[in-house]
Amino acid sequence: MYMAYGWPQVIPLELPNCASTQQIVYLKVVNRLLLVVCPTHLELWSSSQHRVRLGKYKRDAESIRREGENLQAIWSPDTKLIAILTSSFYLHIYKVQFTEKKILIGGKQPTGLFLANVSLLLGEQVPFANNNLTVSNFICDNKHMLIGLSDGSLYNISWKGEFCGAFSPAVLLNSSTIANKLSHHLGNGLPSVGVQAVDGSNHVNHVVSQTRAVVHLEFSITLRLLFVLFSDGELIQCSVSKRGLKHAESILVERSLGSGEAVCASVAPEQQILAVGTRKGTVELYDLADSASFMRSVSLHDWGYCAEDTGPVKCIAWTPDNSSFAVGWKLRGLTVWSISGCRLMSTIRQIGLSSVSSPVVKPNQDLKYEPMMGGTSLMHWDEHGYRLYAIEERSSERIIAFSFGKCCLNRGVSGTTYARQVIYGEDRLLIVQSEDTDELKILHLNLPVSYISQNWPVLHVAASRDGMYLAVAGRHGLILYDIRLKRWRVFGDITQEQQIQCQGLLWLGKIVVVCNYVDSSNTYELLFYPRYHLDQSSLLCRKQLLTKPMVMDVYQDYLLVTYRPFDVHIYHVKLAGELSPSSTPDLQLSTVRELSIMTAKSHPAAMHFIPDQLPREYTLRSDIASSSDLLTREPARCLILRMNGELSLLDLDDGREIELTHSVELFWVTCGQSEEKTNLIEEVSWLDYGHRGMQVWYPSPGVDPFKQEDFLQLDPELEFDREVYPLGLLPNAGVVVGVSQRMSFSACTEFPCFEPSPQAQTILHCLLRHLLQRDKREEALRLAQLSSEKPHFSHCLEWLLFTVFDAEISSQNSSKNQAAGGNHTTSLLEKTCDLIRYFPEYYDVVVSVARKTDGRHWADLFSAAGRSTELFEECFQRRWYRTAACYILVIAKLEGPAVSQYFALRLLQATLDESLYELAGELVRFLLRSGREYEPTNTDSDRDSPRFLGYFLFPSSFRKQPQDAKSTSFKEQSAHVASVKSILQSHASYLMSGKELSKLVAFVKGTQFDLVEYLQQERYGSARLDNFASGLEMIAQKLHMGTLQSRLDAEFLLAHMCSVKFKEWIVVLATLLRRSEVLFDLFRHDLRLWKAYNITMQAHPAFAEYHDMIEELDEKLSSAVDAEET
């Protein structure tokens, strides 16, 4: 797994010398060297820790005029020769030689870099120069190179500069359909170069003419496969014999691939997968180990981008371990995908399907700069996968380097633990901080400069089983990190450090196991160091290995080492003495098992012991003397993940292997890995992740719980978002931790910063469902109780009930055909409800699931969960009014509208008493809507039906409502509406009497109560102000005019009082708000009121703060009176 982090870096290139094209020709990274070929020159850079230009070759203007600009290039596998074909069809071969001139960075640190000389060895025109042909890219082996021509042939050139002629791949005699596909009529006078058809003896039988242009070649030396792409999108696969590319008869066409839309291709030799880019912008994956069968396709279509936005695929680059691949498009963007189709990184912004920025970005658009916005022409990973070098379309001035971190994915000889999620970059660790699962964070931990500067880059990282210690190894030596103390531990003797070339790391309890390569003897060994001291004097044991190990694993005291082709050795580790600095412990290894397995399957990528899962109640019994022996007994099985994604179970007793599933990228063995009582995943055997998402595996409930054939694979629907890649587990929280990419933009940088963002997804609902399916109710309850304090617990219960209920609905059709009767067995739905009923979240969970499902199935849900009215009553008594309100719709569906209206009215009164006005408003709208929708079946039902508390039967005149009636209108004069209105008016009177004006405003806004009508009715009732002075003083205390919200509330009330011309309230509110203009308009027409107001305000000392406003009013009114008299 690869995840981008930090800001992209720029490697500047020398500008071309009067080049007609602004396009870089070639880019490749080999052996810490980066070669870039431009139209008029080439540059050689270091791609190691220090990116420095080591050498260049710049062609002069005369050479460019005579022989043309650089058109195609290839670098020999040994990096000593560079072949370049110019636009005038001249072949140039350059030689790369390193001098003895060292490069020093900062004048102190030696870098191990030397300047290079690039010299021209050969410059000669190719024989096909005068044939008016176009060419494809080069491919090569150690001795020869091939280039495709537009006449459909391949031209062979040796690295010595010998022109070996053109040929076409030979078609096997039994591949007549391929021959027909490749055949074409001659035209335009092009040379008649055909596709040879040969039999098994390589004798030519017939020649089929063909004139399609070869536009792209792809070659894998490891697989000895050549892929030829033609201009019409046809892609053919050819096998190459051990004789190499020199002999034409050694290249045979095997099959045709793709959908006819191919524009480029790239091979992953370790995974044996071919990635084919198409004109539609998608990438198709083919399994070369399975007759090139189609696997899957990936694209940005699900993210709102189509071929018009990105253009066709321009290039594809696999990571060094072939677990991921980068895709560059011609018009815009670059994206990295995992082999299972998870989008790990993308330079294209995340948008919605309807976003206006979805189409192709236009030039000069006012947006933050997006990397590779103009398209991607070339890209290549470095040999460790820490950097992706990319070049934009129509750019020849720079290379953009993206920094990547890798994840410890349980592969190879380095072990890890699911409890600590670590992404490691070239000089740092990115650690997921998971102490608080509500907010996972990424911690950037830089390695000590004294170590990484000499041993760049990071090659291996392993976390201890508890996740508290990390072992990190670079080119030489290793260092340890204590996460609790935040301290590094290093070798004190640098000489000892340089003697270690780590090939893998494991943790054996408090001991770190190093797989070391001994350069002098070309052998491999295991070194056992205690974590408290890294020194030769503290070395516990040194174990010589037969050869280079392929896979290693450890469980408790047992160590597994696997060699090629498939030889498994298991050792028992015995430690005598206390493991502490004050003692001298002794460690011994004894071989307990050796297996040599003959198989034609692909090599293992990871192997892990599967400990026997003993029942918990059995392991906790103290009266069994041998229980500790049982817990540490030798595992008899192990899980194997092969390079092609196949997951299988190996019986170590008889060597029998059972295939379980395929298309798996990684897995975690969870059983027997934790001794903590709060471990929530002890019931699980293992989890795996791949193309189908996350899969949880459980032991079978049979007589033999460890019988391989009876293992059950459940929950294939548990899959992460396709932008989130799982890294590990938090066993005490019951969640899977994943990581996704985020981008942050800054005004001071050209490019955005790539930020890995951790995500959490719970699996607790899967574990609970599994236990309930096995009728382990007590274990399920205990597991749920352990999880009850976790942040995602309520969501887990809801998801559990939803999945179980959804499965119950799906099975209803089949169950309807079964005969009723017989003994009633408790259904899984009833078991689930019984479990959740132990927790206070039960009422919320049940109604939330009901709202997410079709109302037609509510009866089935509440037959198991309990009657809806009883659940409502319980919530009502506990004063959980919001939850109780959610049950109103359920009651209306199951019990009828009359019952739901009764409960809604009760709840309305309670919410008003608690000042929950938004919730009260929703209840009012429900009651008015349900009142209009309720229509008795016949006219006489009003008289004949029993009355239910008086307010649910409506006169027949209420049945037909005007179409323009609003849901919040109170004009309908029915008993039902009158009840609602009465409750609201009663509450409004209560608030007005107590002068709770802020609550009154919230009440009016929440319920849309008609305050104007109420004020008109209660002008001389509850809304009346008996005494101005006391009223002003009381209202000032209630409103707290110093806060903004109180002033807004007062403005709201003032507007309503003005609309009904309620003078007493207008004067009070305008005074509090200091709205002198309102008071002036009022008093200029009623001077008697002004005199009374002035006297009252002057007489009370409490109103002294308003004297300035009164003086201002006095002046304005006097001026107004004088103006009227004149």
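Refer to the preceding data block for the structure.
What you are looking at is a predicted structure, and each value in this text was computed from that prediction instead of being measured.

Further remarks concern the overall build of the protein. Within the protein, the regular secondary structure consists of 28 helices and 58 strands. In the protein, which comprises 1126 residues, the proportion classed as buried is 55%. Counting only carbon and sulfur atoms, one obtains 48% of the accessible surface of the protein, whose full area is about 49900 Å².

Strand order in this open sheet of four strands is β26-β27-β28-β29, and the pairing throughout is antiparallel. At either end of the open sheet lies a strand with only one pairing partner, and these are β26 (313-318) and β29 (343-346). Averaged over all neighbouring strand pairs, the angle between strand axes comes to 20°, with direction disregarded. With five bridges connecting them, strand β27 (residues 324-329) and strand β28 (residues 334-338) associate as antiparallel partners.

With that out of the way, let us pick up the pattern of salt bridges. Counted under the stated rule, the structure contains 44 salt bridges. Residues Arg255 and Glu254 are paired through a salt bridge, measuring 3.7 Å at the closest nitrogen-oxygen approach. Its relative accessible area of 29% is what places Glu254 among the partly exposed residues. In this structure, Arg878 and Glu874 form a salt bridge, with 2.9 Å as the shortest nitrogen-oxygen distance.

On to the packing of helix α25 (residues 1063-1073) against helix α27 (residues 1087-1099). Direction vectors running N to C along α25 and α27 enclose 45°, while the axes themselves pass 13 Å from each other. On the basis of their axis angle, the class for α25 and α27 is oblique. Crossing angle aside, the handedness with which α25 passes α27 is right-handed. Residues Lys1063, Val1067 and Thr1071 of α25 lie in contact with α27, whose contacting residues are Leu1089, Tyr1093 and Met1097.

Taken in spatial order, the four strands line up as β3-β4-β5-β6 in an open sheet, and their pairing is antiparallel. Edge positions in the sheet fall to β3 (26-30) and β6 (53-58), since each has one partner strand and no second. Here the strands of the sheet are splayed against their neighbours by 10° on average, with no regard to which way each runs.

Here we take up the packing of helix α26 (residues 1076-1083) against α27. Running from N to C, α26 and α27 cross one another at 130°; their axes reach a closest spacing of 8 Å. Here α26 is positioned oblique relative to α27, judged by the angle of their axes. Contacts between α26 and α27 pair Leu1079, Leu1082 and Phe1083 from the former with Leu1087, Leu1089, Trp1090 and Tyr1093 from the latter. Here the residues of the contact of α26 with α27 are counted per class, giving seven nonpolar, no polar and no charged.

A few words now on the state of the cysteines. Under the defined criterion, the tally for this structure stands at zero disulfides. There is no disulfide at Cys264, and the cysteine sulfur nearest it, in Cys315, is 6.9 Å away.

Our next topic: the packing of aromatic side chains. This model, assessed by the stated rule, comprises 32 aromatic pairs. Measuring from centroid to centroid gives 6.3 Å for Phe862 and Tyr887, while their planes differ by 70°, and the two rings are edge-to-face. Taken as a pair, Phe862 in helix α14 (residues 858-865) and Tyr887 in helix α16 (residues 881-894) lie far apart in primary sequence, 25 residues in all. Each residue in the set Phe872, Phe876, Tyr881, Tyr902 and Phe903 is aromatic and connected to the rest through ring pairs, giving one cluster. The cationic tip of Arg1019 hangs over the ring face of Phe1062; the distance from NZ or CZ to the ring centre is 4.9 Å.

Let's shift gears to the environment of Arg224. Structurally, Arg224 is set in the loop between β18 (214-220) and β19 (225-230). In the structure, Arg224 is positioned 18 residues away from Lys242 in sequence and 7.7 Å away in space, judged by C-alpha atoms. Once residues within four sequence positions are removed from consideration, Arg224 is found in contact with Cys238, Ser239, Val240, Ser241 and Lys242.

Inspection of the sheet shows strand β33 (residues 422-424) paired to strand β34 (residues 428-433) by three bridges, in the antiparallel sense. Bridge assignment links Ile423 to a residue of β34, and that residue is Leu430. Where β33 folds back on β34, the antiparallel hairpin that results is connected by three residues. Sheet topology note: the β34/strand β35 (residues 441-446) ladder contains six bridges and is antiparallel. Note that in β35 the partner of Arg428 across the bridge is Asn446.

About the criteria used
- All residue numbers refer to positions counted from 1 along the written sequence of the respective chain.
- Since the coordinates come from a predicted model, pLDDT governs what is reported: local features require at least 70, and pairs of side-chain atoms require 80 or more to be given and counted, while whole-chain, interface and lining totals use all residues.
- Remark: hydrogens and water are excluded; side-chain values derive from all non-hydrogen atoms of the structure.
- Helix and strand definitions here come from DSSP, where helices need a minimum of 4 consecutive H or I residues and strands a minimum of 2 consecutive E residues; each element is numbered from the N-terminal end.
- Three labels apply to residues, based on accessible area from a 1.4 Å probe with only protein chains included: buried if under 20% of the type maximum, exposed if over 50%, partly exposed otherwise in between.
- A 1.4 Å probe and the Shrake-Rupley method give the accessible areas. Residues count as covered only by the protein chains that appear here.
- Strand pairing is assigned whenever DSSP identifies at least 2 bridges connecting the two strands.
- For helices, the fitted line uses only the C-alpha atoms of the stretch in contact; every axis is such a line through C-alpha atoms, and the angle between N-to-C directions lies from 0 to 180 degrees.
- The salt bridge criterion pairs a side-chain nitrogen of Lys or Arg with a carboxyl oxygen of Asp or Glu, the two atoms within 4 Å.
- In this scheme, roughly parallel covers angles under 35 degrees and roughly antiparallel covers those over 145, while 65 to 115 is roughly perpendicular and the rest are oblique.
- Note on convention: the crossing is left-handed when the near helix lies turned anticlockwise from the far helix by less than a right angle, right-handed when the turn is clockwise.
- We call two residues in contact whenever any of their non-hydrogen atoms come within 4.5 Å of each other.
- Think of it as three bins: nonpolar holds Ala, Val, Leu, Ile, Met, Phe, Trp, Tyr, Cys and Pro, charged holds Asp, Glu, Lys and Arg, and polar takes everything else, Gly as well.
- Two cysteine sulfurs form what is called a disulfide whenever their separation falls within 2.5 Å.
- Pairing of aromatic rings covers Phe, Tyr and the six-membered ring of Trp, with a centre-to-centre limit of 6.5 Å; geometry is then stacked below 30 degrees between planes, edge-to-face above 60, and tilted otherwise.
- Definition used: whenever NZ (Lys) or CZ (Arg) falls within 6 Å of the ring centre and also within 35 degrees of the ring normal, the charge is taken to sit over that ring.

Treat this as a map of the structure, not an account of what it does.
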